[in-house]
Amino acid sequence: TETIRSLSLPCIYFGVQIRGGDKAQEARLITGRQIIEALHPADGDCIFALADNYTQLEIVRSEFPQLRIVSLCQPEDQGYSHQAFCIADPPSKKAAIIRLIVSIDLLLHAKKFAGSITTGPSVFIMKQRYAEPSVIAVDCAKEMLESVLTLPIDQRAALSANKMSTPLTKKNNEYLYK
């Protein structure tokens, strides 16, 4: 709870997962900009980000200076690597797992959530909340979401890549896929 208090989150906040690291070996990475834009945030909104790459998080913060983007991502985090996690010392593993669990809990309680069908925490959150209109898979049509979430990663990655390869346009202040 001290970890959560340190973020000073307001009662109403949005949530996103921005993935980097070894996920690029399984699926096309989706930028933090694409994920945050899917939320259509207003100036001053607070967004909690489950992120694994501090450099990418800082880029997103610079792209959206009008938003308050908070995270448990640490400056030394440069993308999750399962191989590196497996050989880490037990205290480091424990700290990483606690940050992940706290982050998922915060995302489960976010007013709106946006993520990808290719990332484990996002898939978990979407499985819990897929019927809510406030839950957005940036790389999957809402009407397909429930069935897509049960597919293996290689099939979800192919669907995601197909969806994200479609050009994104802005019309009436909403981002739409052609």
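For the structure given in this document, a descriptive report is provided here. (Residues numbered from 1 in each chain as written. Predicted model: local features only at pLDDT ≥ 70, side-chain atom pairs only at ≥ 80, totals over all residues. Heavy atoms only, no water.)

### Re the packing of aromatic side chains
- Tallying each qualifying case throughout the model produces zero aromatic pairs.
- Against the face of Phe85 rests Lys93, its NZ or CZ located 5.8 Å from the ring centre.
- Above the ring of Phe14, the side-chain terminus of Lys112 is found at 5.4 Å from the ring centroid. (Phe/Tyr/Trp six-rings, centres within 6.5 Å; stacked < 30°, edge-to-face > 60°. Lys NZ or Arg CZ within 6 Å of the ring centre and 35° of its normal.)

### So, the environment of Ile153
- As for its placement among the helices and strands, Ile153 is situated in helix H8 (residues 153-164).
- Here the alpha-carbon distance between Ile153 and Gly120, two residues 33 residues apart in the chain, equals 9.2 Å. (Helix = DSSP H or I, 4+ residues; strand = E, 2+ residues; numbered from the N terminus.)

### Some words on the nonpolar core
- Counting 24 residues, the largest nonpolar core has Leu9, Phe48, Ile117 and Met126 as the members making the most contacts within it.
- Elements with a minimum of two residues in this core: strand S2 (46-51), helix H5 (90-108), helix H6 (120-129), strand S5 (135-137) and helix H7 (145-148).
- Tallying contributions element by element places H5 first for this core, with four residues.
- Ignoring sequence-local partners within four residues, the contact set of Ile117 consists of Val123, Met126, Ala137, Asp139, Cys140, Leu145, Val148, Leu149, Arg156, Leu159 and Ser160.
- Counting 20 residues, the second-largest nonpolar core is a separate cluster that includes Ala38, Val60, Ile69 and Met164. (Core = buried A, V, L, I, M, F, W, Y, C linked by side-chain atoms within 4.5 Å. Buried < 20%, exposed > 50% of the residue type's maximum accessible area, 1.4 Å probe, protein only. Contact = heavy atoms within 4.5 Å.)

### Describing the sheet that holds strand S3 (residues 68-71)
- Read across the sheet, five strands follow the order S3-S2-S1-S4-S5 without closing on themselves; strand pairing throughout is parallel. Across the chains shown, the open sheet's two edge strands, defined by having one partner strand only, are S3 and S5. Along the sheet, successive strands turn relative to each other by an average axial angle of 20°, direction set aside.
- Helix-sheet contacts for helix H2 (residues 32-39) involve strand S1 (14-18), S2, S3, strand S4 (112-115) and S5, and the interaxial angle to S1 is about 160°. (Pairing = 2+ DSSP bridges. Axes fitted to C-alpha atoms, helices over the stretch in contact; angles between N-to-C directions.)

### Let's talk about the pairing of S3
- In this sheet, S3 lies alongside S2 in parallel orientation, the contact comprising four bridges. When the bridges of S3 are listed, Ile47 appears paired with Ile69.
- Handedness of the S2-helix H3 (residues 54-63)-S3 crossover: right-handed. (Right-handed = clockwise from strand over helix to strand, strands pointing away.)

### What to know about unusual backbone geometry
- Despite not being glycine, Ser8 has its phi angle at roughly 50°, a positive value.
- Phi at His40 is positive, roughly 55°, even though this residue is not glycine.
- Relative to the elements of secondary structure, His40 occurs in the loop between H2 and S2.
- Judged by its relative accessible area of 38%, His40 is partly exposed.

### Focus on the side chain of Gln17
- With respect to the element layout, Gln17 can be found in strand S1.
- By relative accessible area, which is 5% here, Gln17 ends up buried.
- For Gln17, the side chain forms a polar contact with the side chain of Ser122, separated by 2.7 Å.
- The residues contacting Gln17, other than those within four sequence positions of it, are Ile35, Leu50, Phe113, Ala114, Gly115, Thr119, Pro121 and Ser122. (Polar contact = N/O pair within 3.5 Å; in protein donor to acceptor, adjacent residues only side chain to side chain.)

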